[in-house]
Amino acid sequence: MSTRTLISLAVLARPRGKAAYWTVFTGVVLLFALAFLFPVYWMATGAMKSPDEVAQTPPTLLPKRWHLDGFTDAWDLMQLPQHLWNTVVQAAGAWAFQLVFCTAAAYALSKLRPAFGKVVLGGILATLMVPAQALVVPKYLTVADLPLIHTSLLNDPLAIWLPAVANAFNLYLLKRFFDQLPRDVLEAAEIDGAGRLRILWSVVLPMSRPVLGVVSIFALVAVWQDFLWPLMVFSDTGKQPISVALVQLSQNIQLTVLVAAMVIASIPMVALFLVFQRHIIAGISAGSTKG
């Protein structure tokens, strides 16, 4: 079976062709790495400059003097421990709710095959075509006065947790993965006397670790970086997450201190990505290919 590429295999076999290929390949990789990493570098070094050096033109690539007091000032003045903890609570709750309910719904639609299951799935996927901004006002009116029980969830983490459950993309990702699980394994567990819940807990979930990992990362990152919705539901500054607090408390704060706070706020998500980057790729590919 022949493989078509931009450069023929005969040209790649020659020394000049191989050298040209690796030169272009290395240059493209370095260019993309620079494009993605330079903003991170600029933010990190900006937090270590003096206020005058940050504002000067032309800017300096390296700080003339390294100042680390911006991080300690940001930690204390902007109350970062409290707001980081608020974010952790909101993200962890949204992750747990989403993992439980989306997994259960995907398993039901994939393996239990309820009546009108395709209609329900079509309705869920149809929500992906609705802009998120169009749902902000209905969601706010709902959490401000819950139907039937007439309770307000404003300034409550449940206002973050419950809307996060309605994630059609993660539900579809889980369903696609469950669809591709070997039926022989599930039937063998059923013959051994395992019920539906037992099969889900002991067979399906252990086999679904890659897709559960990627859904977990998507759920955590979505809550961590969200700004508009937490701003609307948390009027109490003491309960606001870090994304909202950075904006609300940025007035009368030096630019270097604000940049240092942004660096601290981005560390958990960067660390999460570096640790679980293989799970992201494995989970997406597992949900899109048969195996």
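Residues numbered from 1 in each chain as written. Predicted model: local features only at pLDDT ≥ 70, side-chain atom pairs only at ≥ 80, totals over all residues. Heavy atoms only, no water.

Visitor: With reference to specific residues and values, describe the nonpolar core.
Guide: In this structure, Phe71, Leu80, Ile160, Val233, Ile242 and Leu246 are the most contacted members of the largest nonpolar core, which totals 33 residues. The element that contributes the greatest number of residues to this core is helix H15 (residues 255-288), accounting for 10 residues. Those residues in contact with Ile160 that sit more than four places away from it in its chain are Gln90, Ala94, Val223, Trp229, Pro230, Val233 and Phe234. In this structure, Leu99, Phe177, Val203 and Val204 belong to the second largest nonpolar core, which totals 20 residues. (Core = buried A, V, L, I, M, F, W, Y, C linked by side-chain atoms within 4.5 Å. Buried < 20%, exposed > 50% of the residue type's maximum accessible area, 1.4 Å probe, protein only. Helix = DSSP H or I, 4+ residues; strand = E, 2+ residues; numbered from the N terminus. Contact = heavy atoms within 4.5 Å.)

Visitor: Lay out helix H9 (residues 168-179) in plain terms, naming residues and giving numbers.
Guide: The end-to-end C-alpha separation of H9 is 16 Å, in line with the 16 Å expected for 12 residues at 1.5 Å each. Taken together, the buried positions of H9 are Ala168, Asn170, Leu171, Leu173, Leu174, Lys175, Phe177 and Phe178. By the N-cap criterion, in which a side-chain oxygen at the helix start approaches the backbone nitrogen of a residue two or three places on, H9 is capped by Asn167, the distance to Phe169 being 3.3 Å. (Expected span 1.5 Å × (residues − 1). Polar contact = N/O pair within 3.5 Å; in protein donor to acceptor, adjacent residues only side chain to side chain.)

Visitor: So what's going on with the packing of aromatic side chains? Residues and values would help.
Guide: Per the stated rule, a full pass over the model turns up 7 aromatic pairs. Centre to centre, the rings of Trp22 and Phe25 are 5.6 Å apart; their planes meet at 90°, and the pair counts as edge-to-face. Taken together, the positions of Trp22 and Phe25, both in helix H2 (residues 15-46) and 3 residues apart, correspond to about one turn of that helix. Overall, the relative accessible area of 47% leaves Trp22 in the partly exposed class. (Phe/Tyr/Trp six-rings, centres within 6.5 Å; stacked < 30°, edge-to-face > 60°.)

Visitor: Can you tell me about the environment of Ala194, naming the residues and giving the values?
Guide: Of note, Ala194 is situated in the loop between helix H10 (183-191) and helix H11 (196-207). The exposure class assigned to Ala194 is partly exposed, which follows from its relative accessible area of 21%. Once residues within four sequence positions are removed from consideration, Ala194 is found in contact with Ala189 and Ile199.

Visitor: Can you explain H11? Please cite residues and give values.
Guide: When the terminal C-alpha atoms of H11 are compared, their 15 Å separation across 12 residues agrees well with the 16 Å that a helix rising 1.5 Å per residue should span. Residues of H11 that are buried: Ile199, Leu200, Val203, Val204 and Leu205. On its buried face, H11 sits against helix H5 (80-112), H9, H10 and helix H12 (209-225).

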